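Structural overview
Here's the letter readout for the chains.
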Protein chains: 2
Amino acid sequence: MLHDTERRALARALEIAADPSVPLGPNPRVGCVLLGADGAMLAEGHHRGAGTAHAEADALARARSLGIPLTGATAVVTLEPCAHTGRTGPCAEALLEAGIGRVVIARTDPNPVASGGIDRLRAAGIDVELDVPEALAAAAAALNRGWEHGLRHSRPLVTAKTALTLDGRAAAADGTSQWITGPAAREEVHLLRTTCDTVLVGTGTARIDQPTLTARRPDGALHPRQPLRAVMGTSAVPTLPAVEGAGQQVRLATRDPSAALAELFARGARHVLLEGGPTLTAAFLRAGLVDELILHLAPTLLGAGRPAVADLAISTLADRLDLELVDATPLPSPGGPTDLRLTLHPRPTSVSHPA
Amino acid sequence: MLHDTERRALARALEIAADPSVPLGPNPRVGCVLLGADGAMLAEGHHRGAGTAHAEADALARARSLGIPLTGATAVVTLEPCAHTGRTGPCAEALLEAGIGRVVIARTDPNPVASGGIDRLRAAGIDVELDVPEALAAAAAALNRGWEHGLRHSRPLVTAKTALTLDGRAAAADGTSQWITGPAAREEVHLLRTTCDTVLVGTGTARIDQPTLTARRPDGALHPRQPLRAVMGTSAVPTLPAVEGAGQQVRLATRDPSAALAELFARGARHVLLEGGPTLTAAFLRAGLVDELILHLAPTLLGAGRPAVADLAISTLADRLDLELVDATPLPSPGGPTDLRLTLHPRPTSVSHPA
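Nothing here was measured: the structure is a model prediction, and the numbers come from that model. (Residues numbered from 1 in each chain as written. Chains lettered and ligands numbered in written order. Predicted model: local features only at pLDDT ≥ 70, side-chain atom pairs only at ≥ 80, totals over all residues. Heavy atoms only, no water.)

A word on the pattern of salt bridges
- Applying the stated criterion to the full structure yields 34 salt bridges over all chains.
- One salt bridge in this structure joins Arg341 of chain A and Asp327 of chain A, with 3.4 Å as the shortest N-O distance. Linking Arg341 of chain A in strand 16 (residues 338-346) with Asp327 of chain A in strand 15 (residues 321-332), this pair joins segments that are 14 residues apart in sequence.
- Taking the shortest distance from any N to any O, the salt bridge between Glu188 of chain B and Arg341 of chain B comes out at 2.6 Å. (Salt bridge = Lys/Arg side-chain N within 4 Å of Asp/Glu carboxyl O. Helix = DSSP H or I, 4+ residues; strand = E, 2+ residues; numbered from the N terminus.)

Rendered as structure tokens:
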């Protein structure tokens, strides 16, 4: 169990770990807050991307530079301190050397190379606390979803996002599709782009929609963090519109979802936002490479037009692609429609339903 | 404001009004509870369908047969007492003659022929209370939705119900469609059938699915109240399966939604549950004759197959049929999928959304 001051310190560590100026990608985001024996906050630190100090080292350095003694202090960290020497030394050792007496950890390290920090600390007699409030543990897990997925599956996490009508249409018969959803749903897409390191579309979408694939605020200004802008497919397409401050462009000359993800993973991508079109989304679904499906469902009907999900090579109901409904949240736009955001995950196995 | 005893009496009046053995249709369902000056419940009554006593008369007769004096008593009714002489005498007069001192009314009568009861009672010096708790007022309104709609629009209320996949399919490419939704959603359809006086399908659905169109309990037993079973269209189809205890069958030899509703209205229908198929649902939507759309959305994808909503003669996005999302409720089936029930109403006017 955490003390109140530790709970507040963990909330703060999560906040600084999520620093929007820190790039997403192959390194985890981590925050650390140091507390004195009386619960006073002594120093804080966070990781700022590959090659920079780990969060613990950052906080310890700050305390040292202020001449603050750390004997018997508590370190509150969002992720298990590493026990290996990479580009920086092991954090578990650094905490021991600084005289830290207790370590609060919100999330264990799934990285087999770096883990072992908890064992190392406990072996040295340090009080290690892992029992943190559920909401904070969930926030710590969410912070590095893509990074953890990459460690476990050696490919980026894939979130597919589609806007569609109640009857499953992504565009009207004449091709018009802007805008199917209201302002609230469209704003949410821009927020989604800031939580993923890469946005991926097919050549068809790149050619027809000429999307900028930037993450913008409602006032049109760019968010500080911009995703890599990836286009995959074998058709020739012009480059995406040039936007000052937008993420880098990358062209993946393949129609194979696995190959595209492998190339993006090698470039450091850990969380890909797949924004269509229907053919590409269907290809990823068919390949079992969609980890999360977000549907922005507009309360409208078209009766005809382009389906939001293209052919999945399913001809009979028993072969359908079952998903698990995780969440349904209305997205009201003031004075406009209330769209619905559905979040779905793959089901481990399809369940057949007795009549 | 109501006394506690009056609130309880109104809840009871609503309960008896909803007696499942009373047919729906052209007469309102009404309940009445009589309370003594001390708050004691003296007698209750309810209306049992065309030609039988009104709820107030039923309760008064019961009190009389028990020899209970009613001078200064309170009558709690779910609907404004009528002021006209139809097949029975005016209830407002009957309450006055019985010596009732106060009348609590949950819902005013929208029927221009029968209304005036409140004025009559007040003119006679009776204390009339209309300020009832919102939940009870809503229940009183819901009790006679179809009946009120019929008075206002001279046609039955139409609830269209469709089961579909996330990508808008009602059946797979080979025609298989049973079951797209899970047990919880399917059970809800049977409950819906008990709240409507008529179930309507097209000849295509009648021929392909050969539905019984009965309202059944999960154990297969018939509900006490069964809807009229209507099939519309000009194609030849066999009659619906004969089921002992099922509602009467009616064949409407028209493809015109307005004509079908007029014929059903003349037969006493006040709330029609439109259960498809896609062509018929589209025809009603195109005609602006769907008052409520209930979608059972299954968390599954097909990528191909029969669309749940057929062509609406819409070719461009600006002409889309906008609806208002009123409610989204998950329908979990134990051990099975969690479907989503969406309730939508027509939007008075389509709203265009700035980019």
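Description of helix 10 (residues 278-286) of chain A
Residue and element names in this part refer to chain A.
- The buried count for helix 10 comes to seven of nine residues, which makes it a mostly enclosed element.
- Of all the positions in helix 10, only Pro278, Leu280, Thr281, Ala282, Ala283, Phe284 and Leu285 are classed as buried.
- Phi turns positive, to about 70 degrees, at Gly288, one or two residues after helix 10. (Buried < 20%, exposed > 50% of the residue type's maximum accessible area, 1.4 Å probe, protein only.)

Considering the relation of the copies chain A and chain B
- When chain A is fitted onto chain B, the two copies agree to an RMSD of 0.1 Å after a turn of 180 degrees and an axial shift of 0.1 Å. Here the transformation between the copies is reduced to the relation of a two-fold axis. Relative to the rotation axis, the C-alpha of Gly168 of chain A is the closest in chain A, positioned 2.1 Å from it.
- A shared binding surface is used by both copies, with 100% of the interface residues of chain A retained as interface residues in chain B. (Least-squares fit on C-alpha atoms with pLDDT ≥ 70 in both. Contact = heavy atoms within 4.5 Å.)

Remarks on the side chain of Thr78 of chain B
All names here are of chain B.
- Assignment of secondary structure puts Thr78 in the loop between strand 3 (74-77) and helix 3 (91-97).
- Residue Thr78 is classed as buried on the basis of its relative accessible area of 2%.
- Only 3.0 Å separates the side chain of Thr78 from the backbone nitrogen of Gly31, close enough to count as a polar contact.
- The contact partners of Thr78, leaving out residues within four places of it in the chain, are Leu10, Ala13, Leu14, Ala17, Arg29, Val30, Gly31, Ala106, Arg107, Ala140 and Leu143. (Polar contact = N/O pair within 3.5 Å; in protein donor to acceptor, adjacent residues only side chain to side chain.)

Concerning the interface of chain A and chain B
- Listed per partner, the contact involves 52 residues of chain A and 52 residues of chain B.
- A buried area of about 4,000 Å², summed over both sides, lies between chain A and chain B, and 63% of it is on carbon and sulfur atoms.
- Counting every contact that joins chain A to chain B gives zero salt bridges.
- Of all elements in the fold, only strand 12 (292-298), strand 13 (300-301), strand 15 and strand 16 of chain A reach the threshold of two or more residues within the side of chain A that touches chain B.
- Of the residues in the side of chain A that touches chain B, the class split is 31 nonpolar, twelve polar and nine charged.
- One ladder, built from two bridges, connects strand 15 of chain A with strand 13 (residues 300-301) of chain B; its direction is antiparallel. Opposite Asp322 of chain A, over in strand 13 of chain B, you have Thr300 of chain B as the bridge partner. (Buried area = accessible area lost by both parts, 1.4 Å probe. Nonpolar A, V, L, I, M, F, W, Y, C, P; charged D, E, K, R; others polar. Pairing = 2+ DSSP bridges.)

So, the sheet that holds strand 12 (residues 292-298) of chain B
- On the basis of which strands lie adjacent, the open sheet formed by nine strands has the order 13(A)-15(B)-16(B)-12(B)-6(B)-11(B)-8(B)-9(B)-10(B) and mixed pairing. Each of the sheet's edge strands pairs with one partner strand only, and the pair in question is strand 13 of chain A together with strand 10 (249-252) of chain B.
- Relative to strand 16 (residues 338-346) of chain B, strand 15 (residues 321-332) of chain B is paired through nine bridges, and the arrangement is antiparallel. Considered in strand 16 of chain B, the bridge of Ala328 of chain B is made with Leu342 of chain B.
- Packing of helix 6 (residues 145-153) of chain B onto the sheet brings it into contact with strand 6 (157-165), strand 11 (271-274) and strand 12 of chain B, and relative to strand 6 of chain B it is tilted by some 125 degrees.
- Across the face of the sheet, helix 9 (residues 257-266) of chain B comes into contact with strand 6, strand 8 (198-202), strand 9 (228-232), strand 10 and strand 11 of chain B while running at roughly 145 degrees to strand 10 of chain B. (Axes fitted to C-alpha atoms, helices over the stretch in contact; angles between N-to-C directions.)

Spatial relationships are all this shows, so hold off on functional conclusions.
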